Amino acid sequence: MNSLADYGMEDRIFVLLTVGTLLLLGLAVAFGLATLLLRWRHNRVARLWAGLEARWEPVIHRVLAGDSPPEALTRLVRPREALRFLDFLSRFARRLAGDEVRVLQEVARPFLPHLARGIRRRGAEARARAVQTLGVLGLPEHREVVREAVDDESALVSILAARALSRSGEPDSVALVLDRLDRYELWHPAFLSGLLSEGGLEGAPLLRAALADPSRSDASRTVVANALRDVGDPEAADTACRVLGDEAGPDLTVACLRLLAEMGASRHRGCVLPFVASPHFQVRSYALNALRTVGTGDDLPAFTAALEDGSPWVAMEAARGIRELGGTELLAGLAEGGGPRGELARQVLAE
């Protein structure tokens, strides 16, 4: 048999390419078979769980209706199905409220200790699901496990635990979230503000202190300012005014101005006026919006001048301010003319 060295250069290259092609083809076939096997296993497991849930669902409806006791459902669950059953109950409970959730909590009770004991031995994704399940079905009985999860190494597990405690009315849930706001910086600010606002007015003193704290980042204080606005805390307007005087960044400034637009009073006029001339159009716009709440008739010239602002958003707020300060005749005169200001005046008068 001839060795590869017996062939010419072109023949050797051809042989190597052929061998390489065959190897690649073999790998492609192997990967294809592995993919088919995984898909088959996935579909088989999905059919298995779908069959179980189809068996559980009619019974859960009877239990919720009071036609069957909780035991009628729990005796259908084998030990190896417990975690899947809890996941099923949790998804069901998130669509319900009040007494119906309490019924599902009673159904889940025998299975929860195993979930709580094993939570630390699981991966991050499984811990997150476990905390979410305990938050829906296991509070207050498993509160300590959920509280410990607030300090989990996974930010996802931590925030799900904090959210569960907030929704359960945990007295110090606002403090738990505030202490970890910087850790949650990748989460949407509106979600974080909503989480903090679930503490209601009882949590407002802690939120005001956090807003006034210059050692916190502007991003965190912006979240807090929005939470105070969601809560509707009237005392927060004074705090917002003090923050505006401390050279806050644009985002924090906007959040404070939005708070003053809803909760401010005439005594806050002086801290709003300087921002009507801000170099940032968003700040100018929200400053005029706040001035509509805290301003007086003496501010009509400021609104009139802002009609010529290069930003249409600022000009719109200016026109609305003129209308609210009694300058309807001025707007009517502008509406009779053409150009963008005439169109703007007509739009505001029609609102």
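Predicted model, so just to flag it, every value in this text is computed and none were measured.

About the thresholds
Residues numbered from 1 in each chain as written. Predicted model: local features only at pLDDT ≥ 70, side-chain atom pairs only at ≥ 80, totals over all residues. Heavy atoms only, no water. Helix = DSSP H or I, 4+ residues; strand = E, 2+ residues; numbered from the N terminus. Buried < 20%, exposed > 50% of the residue type's maximum accessible area, 1.4 Å probe, protein only. Areas by Shrake-Rupley, 256 points an atom, 1.4 Å probe, with all protein chains shown as cover. Salt bridge = Lys/Arg side-chain N within 4 Å of Asp/Glu carboxyl O. Contact = heavy atoms within 4.5 Å. Disulfide = S-S within 2.5 Å. Expected span 1.5 Å × (residues − 1). Core = buried A, V, L, I, M, F, W, Y, C linked by side-chain atoms within 4.5 Å. Phe/Tyr/Trp six-rings, centres within 6.5 Å; stacked < 30°, edge-to-face > 60°. pLDDT = per-residue confidence, 0-100. Polar contact = N/O pair within 3.5 Å; in protein donor to acceptor, adjacent residues only side chain to side chain. Patch = residues over 30% accessible without salt bridge, like charges linked within 9 Å, V, L, I, M, F, W, Y side chains within 5 Å. Axes fitted to C-alpha atoms, helices over the stretch in contact; angles between N-to-C directions. Left-handed = near helix turned anticlockwise from the far one by under 90°. Nonpolar A, V, L, I, M, F, W, Y, C, P; charged D, E, K, R; others polar.

Caption draft 1: Structural view of the overall build of the protein. Broken down by element type, the protein carries 20 helices and zero strands. Burial analysis of the protein (351 residues in total) assigns 42% to the buried set. Total accessible area on the protein is roughly 19300 Å²; 56% of this is exposed by carbon and sulfur atoms.

Caption draft 2: Highlighting the pattern of salt bridges. Within this structure, the stated rule accounts for 29 salt bridges. When the shortest N-O distance is used, the salt bridge between Glu141 and Arg109 registers 3.1 Å. With a gap of 32 residues between them, Glu141 in the loop between α6 (124-137) and α7 (143-149) and Arg109 in the loop between α4 (99-108) and α5 (112-117) connect regions that are remote in the sequence. A relative accessible area of 36% means that Arg109 is categorised as partly exposed. Three or more residues joined by partner-sharing salt bridges are found here, namely Arg292, Glu317, Arg320, Arg323, Glu324 and Glu351.

Caption draft 3: Representation of the side chain of Ser158 in the model. Within the secondary structure, Ser158 sits in helix α8 (residues 155-167). If near-sequence neighbours (up to four positions away) are discounted, Ser158 is found in contact with Ala149, Val150, Asp152, Arg180, Arg183 and Tyr184.

Caption draft 4: View of the state of the cysteines. The final tally for this structure, using the stated rule, is one disulfide. Here Cys241 connects covalently by a disulfide to Cys271, the sulfurs 1.9 Å from one another. For the disulfide bridge between Cys241 and Cys271, the dihedral angle about the S-S bond is near -65°, and by the sign convention the bridge is left-handed. Highlighted residues: Cys241 in helix α13 (residues 236-244) and Cys271 in helix α15 (residues 269-272), separated in sequence by 30 residues.

Caption draft 5: Inspection of helix α12 (residues 218-231) at higher detail. Taking 1.5 Å of rise per residue, the 14 residues of α12 would be expected to cover 20 Å, and the 20 Å separating its terminal C-alpha atoms lies within 8% of that figure. Burial runs high along α12: 11 of the 14 residues are buried. Residues of α12 that are buried: Ser220, Arg221, Thr222, Val223, Val224, Ala225, Asn226, Ala227, Leu228, Arg229 and Val231. The secondary structure elements touched by the buried residues of α12 are α9 (173-178), α10 (189-197), α11 (204-211), α13 and α14 (250-263). Residue Gly232 follows α12 closely and has a positive phi angle near 80°.

Caption draft 6: Fine view of the environment of Ala209. For Ala209, the location among the structural elements is in helix α11. On the basis of relative accessibility, which here comes to 48%, the residue Ala209 falls in the partly exposed class. Here the alpha-carbon distance between Ala209 and Thr239, two residues 30 residues apart in the chain, equals 8.5 Å.

Caption draft 7: Expanded view of the nonpolar core. The biggest cluster of nonpolar side chains holds 98 residues, and the ones touching the most others in it are Leu89 and Leu196. Broken down by element, the residue count for this core peaks at eight residues, all from α14. If sequence neighbours within four positions are ignored, Leu89 has contacts with Ile60, Leu73, Leu104, Val107, Ala108 and Leu137.

Caption draft 8: Structural view of the packing of aromatic side chains. For the structure shown, the criterion picks out six aromatic pairs. Where Phe88 meets Phe92, the ring centres are 5.8 Å apart and the plane angle is 55°; that geometry is what we call tilted. Here the residue Phe88 and the residue Phe92 both occupy positions in helix α3 (residues 82-93), the gap between them amounting to four residues, near one helical turn. Taken as a pair, Phe88 and Phe92 share a single burial class, namely buried.

Caption draft 9: Structural context of the confidence of the model for the protein. Looking at the protein as a whole, its pLDDT mean stands at 87, while 90% of the residues score no less than 70. In the model of the protein, helix α1 (residues 9-65) stands out as the element of lowest mean pLDDT, 72, in contrast to α11, which has the highest, 97.

Caption draft 10: The arrangement of the side chain of Ser220 in detail. Residue position: Ser220 is located in helix α12. In this structure the side chain of Ser220 is engaged in a polar contact, spanning 3.1 Å, whose partner is the side chain of Ser217. Ignoring any residue separated from it by four or fewer positions in sequence, one finds Ser220 in contact with Leu181 and Asp182.

Caption draft 11: Summary view of the environment of Ile60. Within the element layout of this structure, Ile60 appears in helix α1. Taking the C-alpha atoms as reference points, Ile60 and Thr74, separated by 14 residues in sequence, lie 9.7 Å from one another. Not counting residues within four places of it along the chain, the set of residues in contact with Ile60 comprises Leu73, Phe88, Leu89, Phe92 and Leu104.

Caption draft 12: Looking closely at a nonpolar patch on the surface. Where nonpolar side chains cluster on the molecular surface, the patch consists of Leu24, Leu27 and Phe31 and spans about 350 Å² of accessible area. Mapping Leu27 onto the fold places it in helix α1. Judged by its relative accessible area of 47%, Leu27 falls in the partly exposed class.

Caption draft 13: Just the packing of α8 against α10, in detail. The N-to-C vectors of α8 and α10 enclose an angle of 35°; their axes lie 9 Å apart at closest approach. In this structure, α8 crosses over α10, and the sense of that crossing is left-handed. Residues Ile159, Ala162, Arg163 and Ser166 of α8 touch α10, and the partners they reach there are Phe191, Leu192 and Leu195. Here the residues of the contact of α8 with α10 are counted per class, giving five nonpolar, one polar and one charged.

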